[in-house]
Amino acid sequence: MSTATLRSATADTAADVVVVGSGAGGLSAAVAAAYHGLKVVVVEKAAVCGGATSYSGGWAWAPGNPLAKADGVNEDPEEFRTYLQHRLGEYYNAERVDAFLEGAPQMVDFFHNHTSLQFTPGAQIKDIYGNTPGAGTGHRSVGPAPYDARKIPRALRAKMRHQLYATSFLGMGIMAGPDLAKFLSASTGSIPGLLHAAKRVSTHMLSLAVYRRNMQLVNGTALTGRLMKSADDLGVDIRVSTSAEELLTDATGRITGVKVGNGTKSYTITAARGVVLATGGFPQNAKLRRELFPKTPTGEEHWTLTPPEADGAGLRLAQAVGARFTTDVASPAAWCPVSLIRYPNGSTGTFPHIMDRAKPGSIGVLPNGKRFVNEANGYYDYVAGMLESTEEGQPVVSWQIADARYVRRFPLGMAKPLPVPLTPYLRSGYLVKGNTLAELADKCGIDPVQLEKTVKDFNANADKGIDPDFGRGETPFNRYGGDAGNTPNPTLGALRKGPFYAVKVVPGSFGTFAGLDVDAKARVLDEQGNALPGLFAVGNDQASVMGGHYPAGGINLGPALTFGYLVGRDLASGPETRAGASAAEQQDHPATGARR
C-alpha cells in the first residue's frame, strides 16, 4: 500500500454511504449503492471480509427468482405467503414479508445480470416442512456459482476470509449438489467419482503450493468473493481491521456518519445518505447468550459457527443513539447442531451437522439412549429437540450414532468416508468406537439397555421404511437428504454391522434471530417505533423477517442479500422509493458490464 493510500485510509473521509460489516448483507448494500452512483465505504473490524457468510453453504432462499422462471417454474407468490403464514404464525409481519418476497426476485436479477455475482438454481432444494400448505419442492433457492479466485485482484484476495476448515477437505470447499454427490460416490469405488475427487484435490494442492490458499471458491466463499469483486469493480472502498466506534448524529438526530478506529488512530467517515449496520448480530456475545438462549446458564454452553467479531457491536452502536433491540421472536438464534474438534495446535473447531443426520444407518440419541427428533428434518429442529428434551439443569448434549457400513459410505460429522482413514478422528477422541452397542454406550455415557432397545425398535421399523415415532422420511426435504438408492425409505437404514461409532453433538447456531427492530425498508426503529433517520440494519443485525423460525434453508442469506440490495438501491434513489428495479438497472453499468 502506498503512503498516499495509507494516509487516505486513516484520515477523515466523506462518503455517501458507510457500511459497517462485510457479510452478505453489508456487501449487497455496498454493491447496490455503488452501482447506482454513490460513494461507498465499507469498514470491517476483522482483518478479512465475509463474516459468517464465508463459512456458510452460500444458499439463499429467494422464491420467485428469475432462474426458476427460466427453468419454467412460475409459482404464484401467494404460495410463498401461504407457506410463511403457516410456519411463522403470530410472528408473521405482512409488510416485512411482502418487502422480502417482492424484493428477492429483483435482487437475484440485479446481481446475476449486472455484477460478478452469478447464481446457480437450487432446482432440487426443498422447503423443510413439506406437509405445510404452500411448501416448495425446488427452485426457491439460489447459490453462488463456483468462482476462480484468480479473477480477484491479489490485494483484494488478501482481504478475503478462507473456507471454514472444519467443513472443508484440507481447506477445500465442496459444493452441495453434483460436486458433493461425486465425492460421496468415490467412497463406493465409482470411477467417475474418484476421477472427479482426484482432479479437485490435485487442483487444490497446486493452488496451495502456488497461491498459499484455496482458489476453487464454492459455497459461502464464492458468494463473498463474487460480492467483493463486484464491489471492487465499482470502486467501493473496503477497509479491514477498522472498527466502528460511534455513530455520528447532527442536531436533528439524523445519523451522519461513523467514528472508526484502526487500533492506533480514530477518524470519522461522514455518510451523506446513510449508515448501514451489517455486523453479524450477537452470537459471539456470551452475556447475551446467557440472558436470551435457553438452557445456557453461563453463556458458554453454546458454540456458534460465526467469526469472533460477531459480538453485538452493531447493536451497541445503534442502541447508543436510541434504537430498539427486540427479542420478540420465536427463537433468539438460528440453531444448528455442532460437534467440537480439538486441533493439534490446541484450538477448538466447530463442525455443523447438516447432511449426515438424514443418511440411512445413523440416529441421534440423548444420554438416556432415546431418540428425540426426526433427524432428517432441518438443523434448527434438531437443536430445538435437544433443548426441549433435556431436563432443566442438565447439559444439553446428544450423540449421533452410526454403524460400520455407514461410516465408510457417508461422513459422520467431520469424519470422512472411504478412502479417508478414520484413525485420526479416533485418535483425537472426536470419533468414539465400540465393538458392540453396549461398549459404545459405556464409552459415551449413554444408558446401554435403552440404547440397545432404541436401536432394535428403530431397525425393525427401518426395514419396513417407516418411523412411527418421528415420521422420518415422510417429506420431500427428508427424502432429498437421504440416499436415493436406499429402499424403501431413502433416509432410514438399520444399524446392525459393528463396530459402532458416535460423535458428541452440542447446541450451536448459524447466527442470531433477535436484533434491531426495523421496518419494511430496513430502517432502524427507536423505542417509540419511529425510524431513526439515516440508519439501516441488514443481515443478522436486524431482527429476523422470519420471526425466529426456520422454514427453509437459506432464510438468513436470502433476506440479507435482499434487504441489503433494497437499502443500497433506495439510498441512491431516495429514502421512500421502492417501486421495482431502477432504470439504471436496465442497462449494463460501465464499470462492470453484464454477466461476469
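Above this text is the structure in question.
### Regarding the overall build of the chain
Summing up its helical and strand segments, the chain has 18 helices and 22 strands in all. Relative to the globule expectation of 25 Å for 596 residues, the C-alpha radius of gyration of the chain, 24 Å, shows essentially globular dimensions. In terms of principal-axis extent, the alpha carbons of the chain reach across some 70 × 55 × 50 Å. Scored against the burial criterion, the 596 residues of the chain give a buried share of 59%. Total accessible area on the chain stands at roughly 22800 Å², and carbon and sulfur atoms take up 53% of it. Of the side chains in the chain, 59 bear a positive and 54 a negative charge, and the two mean positions are spaced by 9 Å.

### Topic: the packing of aromatic side chains
The final tally for this structure, using the stated rule, is 16 aromatic pairs. Among the aromatic residues, those joined into a cluster by ring pairs are Tyr379, Tyr380, Phe510, Phe513 and Tyr550. One cation-aromatic arrangement involves arginine 87 over tyrosine 129; the distance from NZ or CZ to the ring centre is 3.6 Å.

### Quick notes on the sheet that holds strand β4 (residues 119-121)
Pairing is antiparallel in the open sheet, where three strands are placed in the order β3-β5-β4. The sheet is open, and its two edges are formed by β3 (60-61) and β4, each paired on a single side. Where β4 and strand β5 (residues 141-144) come together, three bridges link them in antiparallel fashion. Bridge pairing in β5 places proline 121 opposite valine 142.

### Quick word on the pairing of strand β17 (residues 398-402)
Sheet faces and side chains relate simply in a regular strand, where the side chains alternate between the two faces. With five of five residues buried, β17 lies mostly within the body of the structure. Alignment of strand β16 (residues 362-365) against β17, held across four bridges, turns out to be antiparallel. Across the sheet, residue isoleucine 363 finds its bridge partner in β17, namely isoleucine 401. Across five bridges, β17 lies against strand β19 (residues 500-512) in antiparallel orientation. Paired with alanine 402 across the two strands is tyrosine 501, which belongs to β19.

### Details of the nonpolar core
What tends to happen in soluble globular proteins is that the nonpolar side chains get buried as a cluster. Formed by 143 residues in total, the largest nonpolar core has its most connected members in Val40, Leu84, Phe111, Val275, Val276, Leu535 and Tyr550. Apart from residues lying up to four places away in sequence, tyrosine 550 is in contact with Ile128, Tyr129, Ala334, Tyr379, Tyr380, Phe510, Phe513, Ile555 and Asn556. If you look at the next biggest cluster of nonpolar residues, it comprises 18 residues, including Ile363, Leu437, Leu440 and Leu492.

### Observations concerning helix α16 (residues 448-464)
For α16, which comprises 17 residues, the first-to-last C-alpha distance of 25 Å matches the rise-based estimate of 24 Å (1.5 Å per residue) to within 8%. Three or more residues of α16 are buried, namely Leu451, Thr454, Val455, Phe458, Asn459, Asn461 and Ala462. Regarding α16, its N-cap is aspartate 447, as a side-chain oxygen of that residue lies 3.1 Å from the backbone nitrogen of valine 449 further along. Backbone geometry just downstream of α16 places glycine 465 in the positive-phi region, at approximately 80°.

### Considerations on the pattern of salt bridges
The full count for this structure, using the stated rule, is 24 salt bridges. Put simply, aspartate 403 and arginine 405 hold a salt bridge, and the shortest N to O gap is 3.2 Å. With a relative accessible area of 2%, aspartate 403 lands in the buried category. Salt bridges linked by common partners bring Arg371, Glu375, Asp467 and Arg472 together as one network.

### Digging into helix α15 (residues 437-444)
Taken residue by residue, α15 has Leu437, Leu440, Ala441 and Cys444 as its buried positions. Buried residues of α15, viewed axially, fall in a sector of 100°; they line one side. Buried residues in α15 make contact with β17, β18 (432-434), α16 and β19. Trailing α15 by a residue or two, glycine 445 shows a phi angle of about 80°, which is positive.

### Comments concerning the side chain of histidine 302
The topology assignment puts histidine 302 in the loop between α10 (286-292) and β12 (303-304). You can call histidine 302 buried: its relative accessible area is 4%. At 3.0 Å, the side chain of histidine 302 forms a polar contact with the side chain of serine 509. Setting aside residues up to four positions removed in sequence, histidine 302 forms contacts with Arg289, Phe293, Thr296, Trp335, Pro507, Gly508 and Ser509.

Conventions we followed
Residues numbered from 1 in each chain as written. Predicted model: local features only at pLDDT ≥ 70, side-chain atom pairs only at ≥ 80, totals over all residues. Heavy atoms only, no water. Helix = DSSP H or I, 4+ residues; strand = E, 2+ residues; numbered from the N terminus. Rg over C-alpha atoms; globule rule 2.2 N^0.38 Å. Buried < 20%, exposed > 50% of the residue type's maximum accessible area, 1.4 Å probe, protein only. Areas by Shrake-Rupley, 256 points an atom, 1.4 Å probe, with all protein chains shown as cover. Lys, Arg positive; Asp, Glu negative; His and termini not counted. Charge placed at Lys NZ, Arg CZ, Asp CG, Glu CD. Phe/Tyr/Trp six-rings, centres within 6.5 Å; stacked < 30°, edge-to-face > 60°. Lys NZ or Arg CZ within 6 Å of the ring centre and 35° of its normal. Pairing = 2+ DSSP bridges. Core = buried A, V, L, I, M, F, W, Y, C linked by side-chain atoms within 4.5 Å. Contact = heavy atoms within 4.5 Å. Expected span 1.5 Å × (residues − 1). Polar contact = N/O pair within 3.5 Å; in protein donor to acceptor, adjacent residues only side chain to side chain. Salt bridge = Lys/Arg side-chain N within 4 Å of Asp/Glu carboxyl O. Arc of directions from axis to C-beta.

Read these as geometric descriptors, not functional statements.
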